[in-house]
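Summary of the model geometry
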Amino acid sequence: MHFLTLDELTVDDIYEVLHQAEALTNHKPLPRPDLYAVNLFFENSTRTKCSFEMAQRKLGMNVLSFEAGTASISKGESLYDTVKTLEAIGVDVAVIRHSEERYFDALKDKVSISLINGGDGMGHHPSQCMLDLLTIYQEFGDFKGLNVTIAGDIRHSRVARSNTYALKRLGANVSFSGPAAWRDPDLEDISFIEMDQAVKESDVLMLLRVQHERHAFGENFTKLEYHNQYGLTLEREKKMKKNSIIMHPAPVNRGVEIADELVECERSRIFKQMKNGVITRMAMLQYVLAKREETKHELIN
Ligand code: CP
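Computed from a predicted model, the values in this text were never measured in an experiment.

Another point: the overall build of the protein. Regarding its fold elements, the protein presents 9 helices and 9 strands. Relative to the compact-globule value of 19 Å for 301 residues, the protein shows a C-alpha radius of gyration of 20 Å, a close match. With respect to the principal axes defined by its C-alpha atoms, the protein has extents near 60 × 45 × 35 Å. Every one of the 301 residues in the protein was classed for burial, and the buried ones make up 54%. The contacts in the protein between residues at least 6 apart in sequence include a share of 75% that link residues at least 24 apart. Of the accessible surface of the protein, which amounts to about 13700 Å², a share of 49% is contributed by carbon and sulfur atoms. When the 37 positive and 44 negative side-chain charges of the protein are each reduced to one mean point, those points stand 3 Å apart.

Between alanine 250 and proline 251 the backbone carries a cis peptide bond, its omega angle lying at 5°. With respect to the helices and strands, proline 251 occurs in the loop between strand E9 (245–247) and helix H9 (270–300). The backbone of asparagine 243 shows a phi angle near 70°, a positive value even though the residue is not glycine. Structurally, asparagine 243 can be placed in the loop between helix H8 (234–237) and E9. Note on asparagine 243: relative accessible area 58%, which makes it exposed. Its identity as a non-glycine residue notwithstanding, alanine 250 has a phi of 65°, on the positive side. The residue alanine 250 is located in the loop between E9 and H9 in this model. Using a relative accessible area of 13% as the deciding quantity, one classes alanine 250 as buried.

With that settled, the discussion passes to helix H2 (residues 47–58). When the terminal C-alpha atoms of H2 are compared, their 16 Å separation across 12 residues agrees well with the 16 Å that a helix rising 1.5 Å per residue should span. Those residues of H2 that sit buried are Thr48, Ser51, Phe52, Ala55 and Gln56. For H2, the angular spread of the buried residues around the axis is 140°, confining them to a single face. Following H2 by one or two positions, glycine 60 has its phi on the positive side, about 75°.

Moving on, we come to the pairing of strand E3 (residues 93–98). By the criterion of burial, E3 is predominantly enclosed, with 6 of the 6 residues buried. Every second residue of E3 is oriented toward a common face, with Val93, Val95 and Arg97 on one face and Ala94, Ile96 and His98 on the other, all of them buried. Relative to E3, strand E1 (residues 36–41) runs parallel, the two sharing 5 bridges. Among the inter-strand pairings, leucine 40 is bridged to a residue of E3, identified as isoleucine 96. With 5 bridges joining them, E3 and strand E4 (residues 114–120) adopt parallel strand pairing.

Rules behind the numbers
- Residues numbered from 1 in each chain as written.
- Predicted model: local features only at pLDDT ≥ 70, side-chain atom pairs only at ≥ 80, totals over all residues.
- Heavy atoms only, no water.
- Helix = DSSP H or I, 4+ residues; strand = E, 2+ residues; numbered from the N terminus.
- Rg over C-alpha atoms; globule rule 2.2 N^0.38 Å.
- Buried < 20%, exposed > 50% of the residue type's maximum accessible area, 1.4 Å probe, protein only.
- Contact = heavy atoms within 4.5 Å.
- Areas by Shrake-Rupley, 256 points an atom, 1.4 Å probe, with all protein chains shown as cover.
- Lys, Arg positive; Asp, Glu negative; His and termini not counted.
- Charge placed at Lys NZ, Arg CZ, Asp CG, Glu CD.
- Expected span 1.5 Å × (residues − 1).
- Arc of directions from axis to C-beta.
- Pairing = 2+ DSSP bridges.

Okay, here's the thing in structure tokens:
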């Protein structure tokens, strides 16, 4: 059993993980010293890597250290052989972040270790999506009819793809905002609105990081031009709906997607999202481990 994209989960599965995460706020799970986890990050990360490790430790799992720069991948070992090696030495769960989209397709049916996708190129980011869903659910108690605008670098964002798909299935009205050059041809059915309209209509304004590493920033605009035309400025924030919230998966380019002063303003849930990342990832690990146990049980019987 793996956790690779939101497409593989039913709406009931999504709610099961969200409720499991909420329950973990108040209840300590039993320690699982019999279980081993490893986090294979081939792209940089602070939040996803550290909060998966925190989640694993809070669940009482053993966590193996792995640094991509010093691993045998640098000697030419394939990702498949790396995962098979970790499986052979007794690892139960591997969280993987890799720049190649759908890297997991070459692994998922060939390994018994459970895989959790920590982000695949511009493809999917299921744990960010689940923690974003939890943050919205805690705030509004439902997704149906909520106006969610995802704003910025849509084309290069795995967060945009995962969240759009999940939020639509849960009944939210999703719109995009941002530069036309960064629209995604695969998501042409989502309406595009200007930022001035988005601030007035949205219950949730989800800003995206400009993905400098995936394209040449500054091709079309300077950081200040981007901020003034497409970003959440101090003036625009004043026009936001009562009770609406600001989200951002972070890391944040302060003064580009969002004014520096707004990162920690009253409407901002940016650090709440990070806090929710730990219980969400604990719930995802528990979900995968429970399905793994079920499969083992079925094979024995
Ligand atoms: N939001 C997110 O994925 O952050 P990191 O790249 O720091 O993990």
